[in-house]
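Inside the fold
Each chain is listed here by its residues.
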Amino acid sequence: MGHVARKRFGQHFLTDKAIIDGIVDAIAPGEDQSMVEIGPGLGAMTLPLLQRLPASSRPLTVIELDRDLAARMRKRGDVTVIESDVLKVDFAALAAERGRKLKVVGNLPYNISSPILFHLLGFVDHVVDQTFMLQKEVVDRMAAGPGTKDFGRLSVMLQWRYDVEALFDVPPEAFDPPPRVDSAIVRMVPLSAPARIDEALLSELVASAFSQRRKLLRHSLGKWLDARGFQGEFDLQRRAEEVPVDEFVALALAVQG
């Protein structure tokens, strides 16, 4: 392929055509979209996406940190290349420039997947949907429901703003070089009417709740609520993993006042 995968960028290049076709089907490129691909790499998904992308949705924007791969992409006339760390990209400005909300896709670097997800959370109002390939363990946590071992801070923070759906798994042998973990495809669709609460407050509340996940909430979240002088009602005789997302959100709203 003329490019050696760089460990510091967490590069694993997707090579399985059947898997690639399945991902593109899940993304469902269509008319009048503004699509952004994070980490196009050697173009395994980029090229099939372009084949399916109508003229009204071109050019495809790609965000690539690796300067050699960015240079490769610039040789094409049907993509716009942003050579940058995705954590520094202003997706609101990008949506304003395109004049419409963004459809964000990509094979995210597994070593910084959570920071990328939280970065994008800040721009959720500018997104139509997001379809990503991630480490399966992360996708399991993103989509987990209460009462399961995978349910945690990531589940709550993302499900507060998105409908999260795990679509299908991707085995290591679908990549070159193969990662040491299984991967999975996840779709994230912003909720139409989410509760408008302070993200930092909810994050602090949820982090407190899950800080001692094996103990009852009175040992963790209870102390956090007491420190804030909260006088409302909330069942603290449960573990954090037993509390549904909407109850965490309702509590944050009550604390926010």
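Everything in this summary refers to the structure shown in the same document. The structure displayed is predicted, hence computed values, not measured ones.

Rules of the game
- Residues numbered from 1 in each chain as written.
- Predicted model: local features only at pLDDT ≥ 70, side-chain atom pairs only at ≥ 80, totals over all residues.
- Heavy atoms only, no water.
- Core = buried A, V, L, I, M, F, W, Y, C linked by side-chain atoms within 4.5 Å.
- Buried < 20%, exposed > 50% of the residue type's maximum accessible area, 1.4 Å probe, protein only.
- Helix = DSSP H or I, 4+ residues; strand = E, 2+ residues; numbered from the N terminus.
- Contact = heavy atoms within 4.5 Å.
- Salt bridge = Lys/Arg side-chain N within 4 Å of Asp/Glu carboxyl O.
- Polar contact = N/O pair within 3.5 Å; in protein donor to acceptor, adjacent residues only side chain to side chain.
- Pairing = 2+ DSSP bridges.
- Axes fitted to C-alpha atoms, helices over the stretch in contact; angles between N-to-C directions.
- Parallel < 35°, antiparallel > 145°, perpendicular 65-115°, else oblique.
- Left-handed = near helix turned anticlockwise from the far one by under 90°.
- Nonpolar A, V, L, I, M, F, W, Y, C, P; charged D, E, K, R; others polar.

1. A short note on the nonpolar core
Membership of the largest hydrophobic core comes to 57 residues, with the highest contact counts inside it found for Ile38, Phe91, Phe132, Met142, Leu221 and Phe248. The greatest single-element share of this core, amounting to six residues, is contributed by helix H10 (residues 245–256). Those residues in contact with Phe248 that sit more than four places away from it in its chain are Phe151, Val156, Leu202, Leu205, Val206, Ala209, Phe210, Ala240 and Val243. Counting 24 residues, the second-largest nonpolar core is a separate cluster that includes Val62, Val79, Val105 and Met133.

2. With respect to the pattern of salt bridges
A side chain of one charge can pair with a side chain of the opposite charge when the charged atoms of the two come close. The final tally for this structure, using the stated rule, is 18 salt bridges. Among the ionic pairs, Asp25 bridges to Arg52, the shortest N-O distance being 3.0 Å. Placement of Asp25 in helix H1 (residues 17–27) and of Arg52 in helix H2 (residues 46–52) is noted, with a sequence separation of 27 residues between them. With a shortest N-O distance of 3.3 Å, Asp125 and Arg196 are connected by a salt bridge.

3. Digging into the environment of Met35
The topology assignment puts Met35 in strand E2 (residues 34–38). Sequence spacing of Met35 and Val104 is 69 residues, and the spatial spacing of their C-alpha atoms is 5.8 Å.

4. As for the side chain of Ser34
Mapped onto the secondary structure, Ser34 falls in strand E2. Contacts of Ser34, omitting those with residues within four sequence positions, involve Arg98, Arg100, Lys101, Leu102 and Lys103.

5. A look at the side chain of Gln130
Within the secondary structure, Gln130 sits in strand E6 (residues 127–135). A polar contact is formed between the side chain of Gln130 and the side chain of Tyr162, at a distance of 3.5 Å. If sequence neighbours within four positions are ignored, Gln130 has contacts with Val104, Leu120, Tyr162, Val186, Arg187 and Met188.

6. So, the pairing of strand E4 (residues 79–83)
Direction of pairing for strand E3 (residues 60–64) relative to E4: parallel, over a ladder of five bridges. Bridge assignment links Ile63 to a residue of E4, and that residue is Ile82.

7. Examining the packing of helix H8 (residues 199–209) against H10
For the pair H8 and H10, the least separation of the axes is 10 Å and the interaxial angle reads 120°. With respect to their mutual orientation, H8 and H10 come out oblique. Note that H8 runs across H10; the crossing there is right-handed. Contacts between H8 and H10 involve Leu201, Leu202, Leu205, Val206 and Ala209 from the first element and Phe248, Leu251, Ala252, Val255 and Gln256 from the second. Its residues placed into classes, the contact of H8 with H10 shows nine nonpolar, one polar and no charged.

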